[in-house]
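Listed here are the chains, written in short residue letters.
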Amino acid sequence: MKHKYDDIDIEYIKNRINPRTGALKVALIYGLVVGVSLFFLNRFMVLALDDMKIGHKITLIKDEIFVTITMLILYMIVRRQMTLLKKSVDKVYDGYRELDIANRQLSATKELLKENFETLNQHQDEQIKLQERLWHQRNLSKSIINDVGAIILMWYPDGSMNIFNPFAEEITGYKASEVLGKRWIDILIPLEDREYMQSVFDRILESDFLRHENRIICKDGGMMDILWSNSILRDKDGNISEIISIGTDITERKEMEKRLHMMAYYDTLTGLPNRIMIEEKFDKLLSGHNDDGFRAAIMILDIDNFKNINETLGHNVGDMLLKNVANVLKKYIKSPNMLGRISGDGFIVVLNNMQNVTDIIGRVMDVQQYLKRTWYADGREIFVSTSVGIALYPDHGKDASILIKNASTAMFYVKERSKDDYAFYIKDMEKNAFERMEMLNMLCSAIEKGEFSLYYQPQVDIKTGKIVGAEALIRWTHSKRGAISPADFIPIAEQGGLIGKIDKWVIKEVFRQKKIWDKKGYKDVELSLNISAKTLMYGDLIEYIKSLIGCMDVTKDYICFEITETALLNDWETAILVINDLRSMGFKVALDDFGTGHSSLTYLKKLPIDVLKIDRQFINDIDESNDREGLISPYIIQMAHALKLKVVAEGVETPKQLKFLEDHGCDIGQGYIFSKPILPEKIEEMF
Ligand code: C2E
Ligand code: MG
Ligand code: MG
């Protein structure tokens, strides 16, 4: 059975325990039980026991029983109280234990709380610092955006602007209030660039950082070149929140680039594209045509005698002429055809998609005819003709540089032959041009290297058979190439401007030889030497000869200058002046190769010469022809004699020729029948 105090309630116990009533209760119970027991026992003994002895004995037993009973009663009362106390103490003890544990937990919580509080304090400090830094950075960004010398735009992914800094206002002329909320493409990009800019716009959004250049249009319509750096700003979820575009004005740099481009690709004088530009453009054009039947013609057009114009009228006039020619060509050559200037007086024309040669010739002749007229530059009249070389694509080359090279070769070919004409490129021209270049280079140093020598060919009086003169003929022995014929190198030296130097060397050599032979007693041997037309016309020939005779005393009337007919035809007046100068100094002058040009009797009459040399071809005819009446040499001899000229027959090879010439009164003969040109020592033996 469960005792009523088992589930002891400390509250209940506290209320129940009252020391006074408790003790009184125990004393009363004890007094009641012991008093009642003693009362009944003592009555029983008085009634039942007469015998004192037995009574005494029973009293003893009664006391013992009494003590035992009271002891039991006491034991039970005290035990009950003690049990109650024990339970109370246990309960209190348990309460204390729980309280202790709770207390400890409380202490730990308190510690934790304290720690948390400290970290909280720390965080608060950090947050204050962070806020300060943020504030500083905001100020910094603000001052950068406001004061920096660069355009700063911030815009949303839809392109609308939310920051337009003061520098942007200054540069573009727009107020921020006018543009914020609007798309930058709509405000700053010129209409024609918008489609392209939309693609740039998309690229910006696709990459985290993008740099690009573009033009912007300002409020006043002015254009500027800007270099942009675009960076994407993202929110915490990684979505694009804004884009910041920083732009620097690169208009000046672009201008500079344009100027450099102009300098690199355009000719400054005429404003026409230069060779590099034409080559690049043409090659680009060709790359779009792969064996699709595309044909084109490249013309190199060179002004004839431009060097003379420059030298005689001055460079200003030359420049003006070039500009005028360029302007006329610009009007005539229209896109997609190309026009450029590739050298001093050389222009290039590219005719696209020309299918047949007849068309090309038509165009070339048109251009030449168009330019062939009297020009006026700086109040001067200038007559211009042009030489044109043409190379065809794909026949004469697969790229621009080869085609230009080949067209130039063809042009030089025209220059050398006739000028004022055109020629298509053919393979041999190149070979010739190369060889000519090579030979010209070798010629440059031939005099210094002592590679030239003079051979002499005797001239014989046909009647007496006596040697009356000798023609000096130059010989060139190149260290590697051996002997090179004057027929090969004289024309090259003439074109390359070296002939004057060579002719002067010959004159000096002949004068020296004449003096030697004079001293040896061959005074009456007349020495002839050849003078090129170029030397005669453009040089300082007379001054040179004067300076020579100043220090070398030669017998002038025994020296004869041979001049070819073609030389005279080019510039008759100048030729006559020089011939007169030579003759007035005492020299003789012979007209060489007579009959090869188109000279007529009338002009021969006016020519102040002493000797006429009949060209070898007429002498050759004497052997070849059966129709003796048809031979020309007798008429030439007659005519020359009528003009009181001495006649020399060139290239006499056979006795038949010699006999014929003798019969017709020719004065002197020169040719293999007497001797080939030989060394001076050899001819001395013949004298
Ligand atoms: P050229 O003045 O008419 O000289 C005559 C040429 O005919 C020489 O040729 C000579 O060797 C050649 N010849 C002479 N007799 C005969 C012959 O019987 N049969 C044949 N087949 N040929 C004969 P070369 O020496 O080769 O000279 C060629 C030309 O070169 C000369 O023609 C002259 O125009 C020019 N030349 C030669 N030496 C000089 C020079 O020192 N200065 C200049 N400017 N030209 C020169
Ligand atoms: Mg001659
Ligand atoms: Mg001759």
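Residues numbered from 1 in each chain as written. Chains lettered and ligands numbered in written order. Predicted model: local features only at pLDDT ≥ 70, side-chain atom pairs only at ≥ 80, totals over all residues. Heavy atoms only, no water.

**Some points on the sheet that holds strand β7 (residues 338-343)**
Logical step 1: Strand order in the open sheet formed by five strands is β7-β8-β6-β11-β12, with mixed pairing between adjacent strands. In the strand order of this sheet, the two ends are held by β7 and β12 (422-424), each with one partner. When the angles between neighbouring strand axes are averaged without regard to direction, this sheet yields 20°.
Logical step 2: When strand β6 (residues 296-303) meets strand β11 (residues 386-393), the two strands line up antiparallel, connected through eight bridges. Paired with A296 across the two strands is Y393, which belongs to β11.
Logical step 3: Sheet contacts for helix α12 (residues 357-371): β6, β8 (346-352), β11 and β12; angle to β11, the most-contacted strand, approximately 155°. (Pairing = 2+ DSSP bridges. Helix = DSSP H or I, 4+ residues; strand = E, 2+ residues; numbered from the N terminus. Axes fitted to C-alpha atoms, helices over the stretch in contact; angles between N-to-C directions. Contact = heavy atoms within 4.5 Å.)

**Observations concerning the coordination of the magnesium ion (ligand 2)**
Put simply, a metal with four donors set out as a tetrahedron has ideal angles of 109.5 degrees, and one with six donors set out as an octahedron has ideal angles of 90 or 180 degrees.
Logical step 1: In the first shell of the magnesium ion (ligand 2), the protein supplies E471 (OE), N530 (OD1), E562 (OE) and D592 (OD), at 2.0 to 2.3 Å from the metal.
Logical step 2: Along the chain, the residues donating to the magnesium ion (ligand 2) are arranged with the sequence spacing E-x58-N-x31-E-x29-D.
Logical step 3: Metal-to-metal, the separation of the magnesium ion (ligand 2) and the magnesium ion (ligand 3) is 3.9 Å; D592 coordinates the two. On the criterion of sequence distance, the pair formed by N530 in strand β16 (residues 526-531) and E562 in strand β17 (residues 559-564) is long-range, its members being 32 residues apart.
Logical step 4: With relative accessibility at 24%, the residue N530 sits in the partly exposed group.
Logical step 5: E562 sits in the buried class, given a relative accessible area of 1%. (Donors = N, O, S within 2.8 Å, 3.2 Å for Na, K, Ca; no water. Buried < 20%, exposed > 50% of the residue type's maximum accessible area, 1.4 Å probe, protein only.)

**Things to note about the pattern of salt bridges**
Logical step 1: A complete count under the given rule lists 31 salt bridges for this structure.
Logical step 2: K514 serves as the salt-bridge partner of D518, at 3.0 Å between the closest nitrogen and oxygen. Taken together, the residues span about one helical turn, with D518 and K514 both in helix α16 (residues 499-519) at a distance of four residues. A single burial state applies to D518 and to K514, both of which are buried.
Logical step 3: Between D663 and K659 there is a salt bridge whose closest N-O contact spans 3.1 Å. Here K659 and D663 lie together in helix α24 (residues 655-663), a separation of four residues that amounts to about one turn.
Logical step 4: A relative accessible area of 47% means that K659 is categorised as partly exposed.
Logical step 5: Within the structure, one salt-bridge network assembled from shared partners comprises E213, R253, K254 and E257. (Salt bridge = Lys/Arg side-chain N within 4 Å of Asp/Glu carboxyl O.)

**Re the side chain of N352**
Logical step 1: In this fold, N352 is placed in strand β8.
Logical step 2: With relative accessibility at 11%, the residue N352 sits in the buried group.
Logical step 3: Looking at N352, its side chain comes within polar contact range of the main-chain oxygen of P336, at 2.5 Å.
Logical step 4: Residue contacts for N352: discarding those within four places in its chain leaves F282, L285, F294, R295, A296, P336 and N337. (Polar contact = N/O pair within 3.5 Å; in protein donor to acceptor, adjacent residues only side chain to side chain.)

**Brief notes about the coordination of the magnesium ion (ligand 3)**
Logical step 1: Distances from the magnesium ion (ligand 3) to its protein donors, namely D592 (OD), D593 (OD), E650 (OE) and E650 (OE), fall within the range 1.9 to 2.8 Å.
Logical step 2: Written as a sequence motif, the donor arrangement for the magnesium ion (ligand 3) is D-D-x56-E.
Logical step 3: Overall, D592 belongs to the buried group, its relative accessible area being 4%.
Logical step 4: On the basis of relative accessibility, which here comes to 24%, the residue D593 falls in the partly exposed class.

**Brief notes about the side chain of N337**
Logical step 1: Among the secondary structure elements, N337 is positioned in the loop between α11 (315-332) and β7.
Logical step 2: We classify N337 as buried; its relative accessible area is 16%.
Logical step 3: Within the local environment of N337, its side chain forms a polar contact with the backbone nitrogen of N352, the two atoms lying 2.9 Å apart.
Logical step 4: Every residue in contact with N337, bar those within four places of it in the chain, is listed here: V350, L351, N352 and R363.

**So, the pairing of β7**
Logical step 1: Of all six residues that make up β7, five are buried, and the element is covered over most of its length.
Logical step 2: Between the end of β7 and the start of β8, which pair antiparallel, lie two residues.

**Examining the site of ligand 1**
Logical step 1: Surrounding ligand 1, one finds 22 residues, the nearest of these being Q457, N530, D592, E653 and Y672.
Logical step 2: Between ligand 1 and the protein, one listed contact pairs an oxygen atom with a side-chain N or O atom of D593 at 3.1 Å.
Logical step 3: Among the elements that make up the shell around ligand 1, the one with the highest residue count is strand β14 (residues 467-478) (four residues).
Logical step 4: Partitioning the shell around ligand 1 into residue classes produces eight nonpolar, five polar and nine charged. (Near = heavy atom within 4 Å. Nonpolar A, V, L, I, M, F, W, Y, C, P; charged D, E, K, R; others polar.)

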